[in-house]
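Given next are the chains, with one letter for each unit.
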Amino acid sequence: MSQVKRIVAVVDDDPRVLESLEELLESAGYATRSFGSAGALLNGGISNIDLLITDIGMPTIDGFELRDRVKRERPDLPVFLITGRHEIADQGRAQGVGGIFQKPFDGQALLAAVGDALQHKGKGG
Amino acid sequence: MTGLWMQRPKLIHLGIFVAAYIAGCAFAQVLAFMPGTGISIWLPSGLFIATLLLNSGRNWAWWVVAGCFAELVANMLWFHSPFPAAVLIYAGNALEAVTGAWLIRRALGHPVRLDTLQQMLIFIALGAGIAPIMTATVGAATVDWFDMLSQNFWTAWPLFWIGDATGVLIVAPLALAVFQNWGETSRLSTAQWMEISILALIFLGIAALSLGHYLSFTYIIVPPLLWAAVRFEFKGAAIALILLALITAVFTMSGTGELAGVSDSPKERHILLQLFLAISAFSAMVVAAISRQHRLGLLTLRQSMDALRDRQWELTQLVNVVPSHLWRLTPDGEPIFFNRRMVDFLGMKVADTDRPGSTRLDVLIEAVHPTDAPDFRTSLKHSLSTGEPFAMRYRLRRADGVYRWMSSRADPLRGEDGRIVQWYGLCHDIDDQVHAEQALRERERGLQELVDALPINILSFAPSRKMTYASKRYIDKVGAPQPHIENFDALAREVAHPEDFPKMFAVASHGFASGQLFVNRFRRRDSQGIYRWIEARAQPLRDASGEIVQWYMVSIDIDDEMQAQQALRAAQDSLARQSQAASLAELSASIAHEVNQPLAAVIANSYACHRWLTADPPNIERANKTVDRIIRDANSAADVVSRIRALFKQSADTRAYTMIGNVVAEAQNLMAEEATRRRVQMDIDVASDLPAIFMDVVQVKQVLINLLRNGMEAMDSVSGDKMLGLHVHRVETAIQVEIRDRGHGIENPDRMFEPFFTTKEHGMGMGLAICRSIIESHGGRLWAERNEPQGAILLFTLPIELKVL
C-alpha cells in the first residue's frame, strides 16, 4: 500500500452518477476528485490528475470540449467519456475515439479500462 | 173533326176560290148558247184541279165543300137545275177534280211542275183526258135521269167531257203557273212589252177578223197563239187562250161568229166550238211546254258553260298563284307551258324559247347553272327516253341573273294506250332552305371541330346505356370501340383497370339508376394498352317531361395530375414518417437518458458495493452507504418511469360529453384521402341511437385513426376487395366500436398490445399499447378478434356511465 494512489478526476452534472463513480473508483483503490461541471475542473487545474472521466451532456462546456481542452494541455492524459444518450455515442464526433461508455455502463469494464490506461501511462511515463 | 178544322185553308183563299168558281160558272152560262143545255166550256174544272194540286191533300175536303157552295149558288142564279140534279152534277165535278189531282200528283209528284213536254203531256192526258170522264159520266147520267134539256146520256156525255177538258186545258196550267211563279217577279224588258203589245194587237185583230167572217178560216188564230206560247210559255199561252175563249164567247153569243154559221145544228156548233178551243188549248200548251223545256235546257246549258268558265278561270288562277313553277313538256321534251310564276321568274314565256338554231329545251337549259346543266340535261333526257319520273336539285337563273336553288320533279301523263302524252313538271324554289341547310352544316362542322379541339373525350349513351356517340378525340385516344362493345357495361369492362372497375362500375350503375350526375376517377386503357388516370363525369339530358333522353359523358386525362399528387403524397408520407420517427427517437432518447442516469448510478454503486464487500477486510460501512445510494437511485429511476407515464396520462379536464358519431366522422374525414390512395373502401355504420359519452375527443380520435390505419396497412399486400368496416353500436352499458379489415389476420393476439411489440418493418410497436392505455383510461377495453373469412377485428368499448378516474 506504499504505492501512491492514482488520482482520477470525474466530471458529471448528475451528483448521483458522480457519487457512484467516486465510490466505484475508490473501491478499486483510486483517489478521486469530483467536479459538478467542466468549469470546476478547469478552475482547479489538471496538472495533478492521472485520468479524467467526464460526462458528455453537460451545460456550458460539454464533455467533448472538455476533452479537447484537457488534451491541449496534457495530450497524454487518458480521458474517458460517458453518456446517457446512446445516439451521442453513435455520432460522427465520437466515432474513432476510444474510451466512450454508455450509461448504464459495466463497472468491471470501466475499471479494467481505467486500469489499462493508467498502466500504459505508467509504462510510458 | 178537330183535325179537319185545323187543316182549314185561309178564309180569304176559300172566298177567292168561291168567287172564281162562280165567275167560271157565269162564263159557262154565257157560252151555253145552245138553249137549254147548260153545258159548255167548264172553266171551274181547271180551277178546281189546280187548286187541289196547289194544296195539301188533307184539306181537300174544305175545297170540295166550298166548290159545292159555289156551284149551288150558280145553279140558283143561272142553271136552275133541280136541286138533286145540281148536287149530283157537282158530285161529278168534285170527283173529277179529286181524281185528276190525285192521278197527276201520283204521276208527277208534289209540287207539280210543268217544265218538260213529257210532264205537260202527262198533265193533259190525266187532267184533261181521264178526269173529265167522271163529270161526263155522272153529269150525262144525271141529265138523262132527270130528263133535262132534252138530252139523253150518249148525247150529253161528249158535251160534258169536252167542256170540262177544255176548261182544264185553259185554266189549270195558267193557275199553276201563276201561283207557282207568284214570287218570281221576273221583270219584262221594254222589248218584251212591245212584243206583247204587238202580239196582242195581231191576236185581237186576227181573232176579230176571223171570227167576224172577214177572214175565211178560223184556225188562222193559231199562229199568234203559238207565238204567244213560244215566246211567253204558259203565261202567254194561257192568257191568249182565255182571251180567245172570251172573244169566241162574245162572237158566239152574238151569233156572228164563223162557228155560229158553220152549221145550223146548235149541238154541232157547240161541239165545233169546244173542239176548236180544246185543240187550240192543247196545241198552245204543248208548244208552251216545248218552249219552256227548250228555254230551261238553254238556261242549264248557259249555267253549265258559266260554271265551266268559272272553273277554268279558277284553275288558271290556281296554276298561276300556286307558289311553285309548273310547266309542261311534249313527250319529246319541248316546253309548251310555263305558269305565271315561272314566266315571272325566268323572265321569258314559252314563246320566247323559240329561237332559230336551237330547240326550246336547249333554250330552257341555258337558264340552268352551268355546273348543274349537264346533269340536268342527262337526267331529263333519261326520263324522257325511259318514262321514269324526273327529280333533281339544281340552280336556275332568275330574270335578274341571280341563280337560285330549285327542287324539280316531273312525271309523265300517259294516254289510255299507255303512251306518254305530256310531261308535267313542278319546281320549288328551295334556295333559302338550301342556304339554311348549308349554314346548319357549317355550324355543325364548327361544333364538331370545337368538340374535336377540346382536350376532353366525349361519349354519349342512350338511356338503355347503348353507346350512341364517341368523339374523334376519344377514338384517337382510346381507339374505336370494337363491334362487341355496344353499351356502357361492355365498354367499362373493356377499358377500365380491373382494380378500378368494381368501384367505377358501382358508381356508374348507381348514377344510371338514380338519374343523378356521377363522377368517376379510374385508370383507363388507351389504344397503346397503357393505363392512364382519367376523371369521367356523366350527366343526363332530360326532355320537357323530365324523361332522360341521353347521357353525356366527358372524360379528362388526369394521369399527370394523379402522378404528381401521388409523388407529393409519397413525399409527404415519407416526411411525416421521418418526422414521426425523429420525434419518437427524440422522445425515446430523452426517456432513455432520464432512466439511464439513475441506472448508471445504481449499477456503478452495485459494483462498488460488491467490491467493498469482497475486499479484505470487507468495508461494510462503505458497502452500506453504497446500498443506500442504490436504493435511492433505483427509486429515482422508478420516479422517471412514473413521470413518463404521467406525460401520457391526460387530465380529466380535457374530457367532455361528445357524440361518438361526430368523432367517427372526423376520423373518417382525416383518413378519406389515405383510403383513396390505398384504394381501400371504408364502410362506416354508426347506430343512430347512441348517447353522448364523456371522453377526450383527441385521444379517442387518435385511437380510431391508429386502428383504421393499422387495418389499411394490414391490407396493403392483399389483392381483391379492400374493405375496411367501422361499426359502432351499443352493447349493454357501453358503446362498442369494431374495425374489421381483410388483411392476413393476427399472429400474436396476446402480445400485440405490448409496448415495443411490432410486426411491421418500420413500426415502433407503441401504437396499440398507447391505444389500449387511452381506452383503459376511459374505463373501456381494447382487444382483437379474428375476422371471417379473413382479417382481423379490433374492438374497443367506451362505457356510457363513465366513472371519473
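The numbering scheme is per chain: residues are counted from 1 as the chain's sequence reads. Written order determines the labels here, with chains lettered from A and ligands numbered from 1. Local features in this predicted model are restricted to residues of pLDDT 70 or higher, and side-chain atom pairs are both shown and tallied only at a pLDDT of 80 or more, whereas totals for entire chains, interfaces and linings draw on every residue. Computation of side-chain values covers all heavy atoms of the structure but excludes hydrogens and water.

### Topic: the overall build of chain A
Then step 1. A tally of regular secondary structure across chain A gives five helices and five strands.
Then step 2. Helix and strand labels come from DSSP, where a helix needs a run of H or I of at least four residues and a strand needs a run of E of at least two; each type is numbered from the N terminus. Traced from its N-terminal end to its C-terminal end, chain A shows the element sequence β-α-β-α-β-α-β-α-β-α.
Then step 3. Each residue gets one of three labels from its accessible area relative to the maximum for its type: buried under 20%, exposed over 50%, partly exposed in between, using a 1.4 Å probe on protein chains only. Split into buried and exposed, the 125 residues of chain A put 46% on the buried side.
Then step 4. Total accessible area computed for chain A in this model is approximately 5,800 Å², and 48% of it derives from carbon and sulfur atoms. Each accessible area is a Shrake-Rupley estimate made with a 1.4 Å probe; only the visible protein chains count as cover when residues are assessed.

### Considerations on the interface of chain A and chain B
Then step 1. Here a residue-residue contact requires only that any non-hydrogen atoms of the pair lie within 4.5 Å. Facing 22 residues of chain A, the contacting portion of chain B comprises 24 residues.
Then step 2. Each of two parts loses accessible area, computed with a 1.4 Å probe, when they are put together; buried area is these two losses added. Summing the contributions of chain A and of chain B, the shared interface buries around 2,000 Å²; its carbon and sulfur component is 52%.
Then step 3. Whenever Lys or Arg places a side-chain nitrogen within 4 Å of a carboxyl oxygen from Asp or Glu, that contact is recorded as a salt bridge. In this structure, the connection of chain A to chain B is made through five salt bridges.
Then step 4. As a salt-bridge pair, R622 of chain B and E23 of chain A come within 2.8 Å of each other at their nearest N and O atoms.
Then step 5. Polar contact is defined as a pair of N or O atoms within 3.5 Å, subject to the rule that within protein one atom must be able to donate a hydrogen and the other to accept it, and that residues adjacent in sequence are counted only when both atoms are side-chain atoms. Across the chain A-chain B interface, the total number found is 11 residue pairs in polar contact (both at pLDDT 80 or more).

### Comments concerning the side chain of D500 of chain B
Then step 1. Take D500 of chain B: it is sitting in the loop between α18 (488-495) and α19 (501-514).
Then step 2. Taking relative accessible area as the criterion, D500 of chain B reaches 7% and is therefore assigned buried.

### With respect to helix α3 (residues 43-54) of chain B
Then step 1. A helix is expected to span 1.5 Å for every residue after the first. Over its 12 residues, α3 of chain B extends 17 Å from the first C-alpha to the last, a length consistent with the 16 Å expected when each residue adds 1.5 Å.
Then step 2. Among the 12 residues that make up α3 of chain B, 11 are buried, leaving the element largely enclosed by the rest of the structure.

### Remarks on the sheet that holds strand β16 (residues 782-786) of chain B
All names here are of chain B.
Then step 1. What makes two strands pair is DSSP finding at least two bridges between them. Strand order in this open sheet of five strands is β12-β14-β15-β17-β16, and the pairing throughout is mixed. Bordering the open sheet on either side are β12 (681-686) and β16, each of which pairs with just one other strand. Across the sheet, the mean angle from the axis of one strand to that of its neighbour is 20°, orientation sign disregarded.
Then step 2. Sheet analysis places strand β14 (residues 723-731) next to strand β15 (residues 734-740), joined by seven bridges and oriented antiparallel. Between the N-to-C directions of two axes lies an angle of 0 to 180 degrees, each axis being a line fitted to C-alpha atoms and, for a helix, fitted only over the stretch in contact.

### Concerning the packing of helix α4 (residues 60-79) of chain B against helix α5 (residues 83-108) of chain B
Axes are the key here: two packed helices are described by the angle between their axes and the distance separating the axes.
All names here are of chain B.
Then step 1. Between α4 and α5, the shortest axis-to-axis distance is 10 Å and the interhelical angle comes to 145°. When the axes of α4 and α5 are compared, the crossing they make is right-handed. From α4, W60, W63, V64, G67, C68, E71, L72 and N75 reach across to α5, where they touch F83, A86, V87, I89, Y90, N93, A94, V98, A101, W102 and R105.
Then step 2. Under the scheme applied, nonpolar residues are Ala, Val, Leu, Ile, Met, Phe, Trp, Tyr, Cys and Pro; charged residues are Asp, Glu, Lys and Arg; polar residues are all the others, including Gly. Residue composition of the contact of α4 with α5, grouped by class: 14 nonpolar, three polar and two charged. Put simply, a crossing is left-handed when the front helix is turned counterclockwise from the back one by less than a right angle, and right-handed when it is turned clockwise.

### Re the pattern of salt bridges
Then step 1. Summed over all chains, the structure comprises 49 salt bridges over all chains.
Then step 2. Residue D476 of chain B is joined to K472 of chain B by a salt bridge in which the shortest nitrogen-to-oxygen separation is 3.2 Å. Taken together, the residues span about one helical turn, with D476 of chain B and K472 of chain B both in helix α17 (residues 472-478) at a distance of four residues.
Then step 3. Between R525 of chain B and E494 of chain B there is a salt bridge, and its shortest N-O distance comes to 3.9 Å. Placement of R525 of chain B in strand β8 (residues 518-525) and of E494 of chain B in helix α18 is noted, with a sequence separation of 31 residues between them.
Then step 4. Connected through shared salt-bridge partners, E19, E23 and E26 of chain A together with R622, R629, R632 and D633 of chain B make up one network.

### Considerations on the packing of helix α6 (residues 117-130) of chain B against helix α8 (residues 153-180) of chain B
All names here are of chain B.
Then step 1. Packing of α6 against α8 leaves a shortest axis separation of 8 Å and a crossing angle of 140°. Judged by the angle between their axes, α6 and α8 are oblique. Between α6 and α8 lies a crossing of right-handed hand. Contact residues: F123, I124, G127, A128 and G129 in α6; W161, A165, V168, L169, A172, P173 and L176 in α8.
Then step 2. Taken together, the residues of the contact of α6 with α8 sort by class into 10 nonpolar, two polar and no charged. Oblique is the label for any angle not covered by the other classes, which are roughly parallel (under 35 degrees), roughly antiparallel (over 145) and roughly perpendicular (65 to 115).

### What about the UniProt feature "modified residue: 4-aspartylphosphate" (unreviewed entry) in chain A?
Then step 1. Following the UniProt record, one finds the feature "modified residue: 4-aspartylphosphate" (unreviewed entry) at D55 of chain A.
Then step 2. Apart from residues no more than four positions distant in its own chain, D55 of chain A is found in contact with V11, D12, D13, G63, I82, T83 and K103 of chain A. UniProt positions are given in the numbering used here, feature names are shortened, and annotations may be inferred rather than shown by experiment.

### Side note on the sheet that holds strand β6 (residues 457-461) of chain B
Residues and elements named next belong to chain B.
Then step 1. Within the open sheet, the five strands sit side by side as β7-β6-β10-β9-β8. Their pairing is antiparallel. Strands with a single pairing partner mark the edges of an open sheet, and in this sheet they are β7 (467-470) and β8. Along the sheet, successive strands turn relative to each other by an average axial angle of 25°, direction set aside.
Then step 2. Against the sheet, α18 engages β6, β7, β8, β9 (531-542) and β10 (548-557), with an angle of about 50° to β8.
Then step 3. Strand contacts of α19: β8 and β10, with the helix running at about 145° to β8, the strand carrying the most contacts.

### As for the confidence of the model for chain B
Predicted coordinates in regions of low pLDDT should not be interpreted in detail.
Residues and elements named next belong to chain B.
Then step 1. Within a predicted model, pLDDT stands for the predictor's per-residue confidence, ranging from 0 to 100. Per-residue confidence for chain B averages 82 on the pLDDT scale, and 87% of its residues sit at or above 70.
Then step 2. Within chain B, the lowest mean pLDDT, 51, falls on helix α11 (residues 258-262), and the highest, 93, falls on β15.
Then step 3. Low pLDDT (under 50) marks residues 761-765, which in the prediction has eight contacts with non-local residues, meaning those over four places away or in another chain.
Then step 4. Note on the complex model: pTM 0.42, ipTM 0.87.

### Points about the side chain of S45 of chain B
Residue and element names in this part refer to chain B.
Then step 1. Secondary-structure assignment places S45 in helix α3.
Then step 2. Within the structure, S45 has its side chain in polar contact with the backbone oxygen of W42 (distance 2.7 Å).
Then step 3. In contact with S45, other than residues within four places in its own chain, are E96, D164, G167 and V168.

### Examining the packing of aromatic side chains
All names here are of chain B.
Then step 1. Here a Phe, Tyr or Trp ring, Trp counted by its six-membered ring, pairs with any other such ring whose centre lies within 6.5 Å, and the pair is stacked when the planes are under 30 degrees apart, edge-to-face when over 60, and tilted otherwise. Applying the stated criterion to the full structure yields 19 aromatic pairs over all chains.
Then step 2. Their ring planes at 70° and their centres at 5.1 Å tell us that F488 and F512 sit as a pair that is edge-to-face. Note that F488 is positioned in helix α18 and F512 in helix α19, a separation of 24 residues in sequence.
Then step 3. Overall, the relative accessible area of 10% leaves F512 in the buried class.
Then step 4. Joined through ring pairs, the aromatic side chains of F17, Y21, W42, F48, W63 and Y90 make up one cluster.

### Regarding a nonpolar patch on the surface
All names here are of chain B.
Then step 1. Note on patches: the residues involved have over 30% relative accessible area and no salt bridge, like charges join within 9 Å, and the nonpolar side chains Val, Leu, Ile, Met, Phe, Trp and Tyr join within 5 Å. Taken together, the side chains of M194, I198, I202 and W227 present a nonpolar region at the surface, about 350 Å² in accessible area.
Then step 2. Per-element accounting of the nonpolar patch gives the leading share, three residues, to helix α9 (residues 190-211).
Then step 3. As for its position among the elements, M194 is in helix α9.

### Focus: the nonpolar core
Residues and elements named next belong to chain B.
Then step 1. The criterion is simple. A nonpolar core is a set of buried Ala, Val, Leu, Ile, Met, Phe, Trp, Tyr and Cys residues joined through side-chain atoms within 4.5 Å. Y21, F48 and F123 are the most contacted members of the largest nonpolar core, which has 73 residues in total.
Then step 2. When residues in this core are grouped by element, the largest group, 12 residues, is from helix α10 (residues 222-254).
Then step 3. Here the bounds of each domain stem from an automatic or database domain assignment. In terms of domain composition, this core takes at least three residues from each of domain 1 (1-182) and domain 2 (189-321).
Then step 4. Residue contacts for F48: discarding those within four places in its chain leaves F17, Y21, W63, V64, Y90, N93, A94 and A97.

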